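# Overview (structure and organization)
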Amino acid sequence: CLCLLLWAAALPQAHALGEDAYPPAQERSQIVRVLLSRLGITNRMDLTLDGVYGLGSKGESGMIFERGSEITLLARNGSLFVYYQGMSFHAGASLYLTRYQGETGRENGIRVTGEPALYPGDLQLELDGENIRPLLHIHVQDYLLGVVPYEMSNDFPLEALKAQAVTART
């Protein structure tokens, strides 16, 4: 969208990006989609990007945000709006935050303000009425690192933890 590219050019931390940075099909086949319903998101979502992220449609990023960028998303009148460093952008009914490879040994994901968890994946945002519907696209290995300890404590026998990991993967 020309509007997104023009808006991206005005941001000090943003750079244009081509489609060649989108992961190939074989990498996307190991992706799990997780609806982040427990966050109780309504019409506002404040995020800190603890990694490098592209903003745009799925598979296309019109701009890139550097690590540490803070953005606010608001749902109003059937549209999503993105707020960043005092600027706003009308994103339409949906948008996609694509995670790019980070530095080795550093966290690489999204944090929702007020929540301790790091969400290491792409974030698809759509409208559900007047509320924001966050859907995390996460690699199955990253998903397992979060879901097994969430569902079982490390006090469980090792074999039970192994069985839970196998069950979660399938």
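Residues numbered from 1 in each chain as written. Predicted model: local features only at pLDDT ≥ 70, side-chain atom pairs only at ≥ 80, totals over all residues. Heavy atoms only, no water.

Here strand 9 (residues 109-112) shows two buried faces, one formed by G109 and R111 and the other by I110 and V112. Both strand 2 (residues 44-50) and strand 9 contribute to a ladder of four bridges, which runs antiparallel. Across the sheet, residue T48 finds its bridge partner in strand 9, namely R111. Summarising the sheet, strand 9 and strand 10 (residues 118-119) pair through two bridges and their orientation is antiparallel. Counterpart to R111 in the pairing with strand 10 is L118. Between strand 9 and strand 10, which pair antiparallel one after the other, the connecting turn spans five residues, and G114 there sits at a positive phi close to 90 degrees. (Buried < 20%, exposed > 50% of the residue type's maximum accessible area, 1.4 Å probe, protein only. Helix = DSSP H or I, 4+ residues; strand = E, 2+ residues; numbered from the N terminus. Pairing = 2+ DSSP bridges.)

This part takes up the sheet that holds strand 6 (residues 79-84). Through backbone hydrogen bonds, the strands of a sheet pair up, either in parallel or in antiparallel fashion. Read across the open sheet, the six strands follow the order 7-6-5-2-9-10; overall the sheet is antiparallel. Because the sheet does not close on itself, it has two edges, and the strands there are strand 7 (87-92) and strand 10.

Residues M45, L47, L95, L97, L123 and L125 are the most contacted members of the largest nonpolar core, which totals 28 residues. In this structure L125 touches M45, L73, L80, A93, S94, L95, L97, I132, R133 and P134, once residues within four positions along its chain are discounted. Core analysis: the second largest hydrophobic core is formed by five residues, L144, V147, V148 and M152 among them. (Core = buried A, V, L, I, M, F, W, Y, C linked by side-chain atoms within 4.5 Å. Contact = heavy atoms within 4.5 Å.)

So, on to the packing of aromatic side chains. The final tally for this structure, using the stated rule, is one aromatic pair. Here the aromatic rings of F65 and Y84 are separated by 4.8 Å at their centres, their planes lie at 75 degrees, and the arrangement is edge-to-face. Here Y84 lies in strand 6 and F65 lies in strand 4 (residues 60-65), a separation of 19 residues in the sequence. Across the pair, exposure class does not vary: F65 and Y84 are buried alike. (Phe/Tyr/Trp six-rings, centres within 6.5 Å; stacked < 30°, edge-to-face > 60°.)

Moving on, we get to the pairing of strand 11 (residues 122-128). The two faces of the sheet receive side chains in turn, since in a regular strand these alternate between them. Bridge count for strand 8 (residues 94-99) against strand 11 is four bridges, and the pairing is antiparallel. Each bridged residue has a counterpart across the sheet, and for S94 the counterpart in strand 11 is E126. Across seven bridges, strand 11 lies against strand 12 (residues 131-139) in antiparallel orientation. By the bridge assignment, L123 is partnered in strand 12 with L136. Counted along the chain from strand 11 to the antiparallel partner strand 12, the turn is two residues long, and its residue G129 has a positive phi close to 70 degrees.

Let's shift gears to unusual backbone geometry. Positioned with a positive phi, N77 is a non-glycine residue whose angle comes to about 50 degrees. The topology assignment puts N77 in the loop between strand 5 (69-76) and strand 6.

This paragraph deals with the side chain of T72. You can see T72 is positioned in strand 5. Here the side chain of T72 touches D46 through a polar contact of 2.6 Å, side chain to side chain. Among residues more than four places away in sequence, those in contact with T72 are R44, M45, D46, F81, V82 and Y83. (Polar contact = N/O pair within 3.5 Å; in protein donor to acceptor, adjacent residues only side chain to side chain.)

Now for the pattern of salt bridges. Two side chains bearing opposite charge may form a pair once their charged atoms approach each other closely. Counted according to the given criterion, the structure contains eight salt bridges. Two residues, K162 and E159, come together in a salt bridge whose shortest N-O distance is 3.3 Å. One end of the pair is K162 and the other is E159, both in helix 4 (residues 158-169) and three residues apart, which spans about a single turn. (Salt bridge = Lys/Arg side-chain N within 4 Å of Asp/Glu carboxyl O.)

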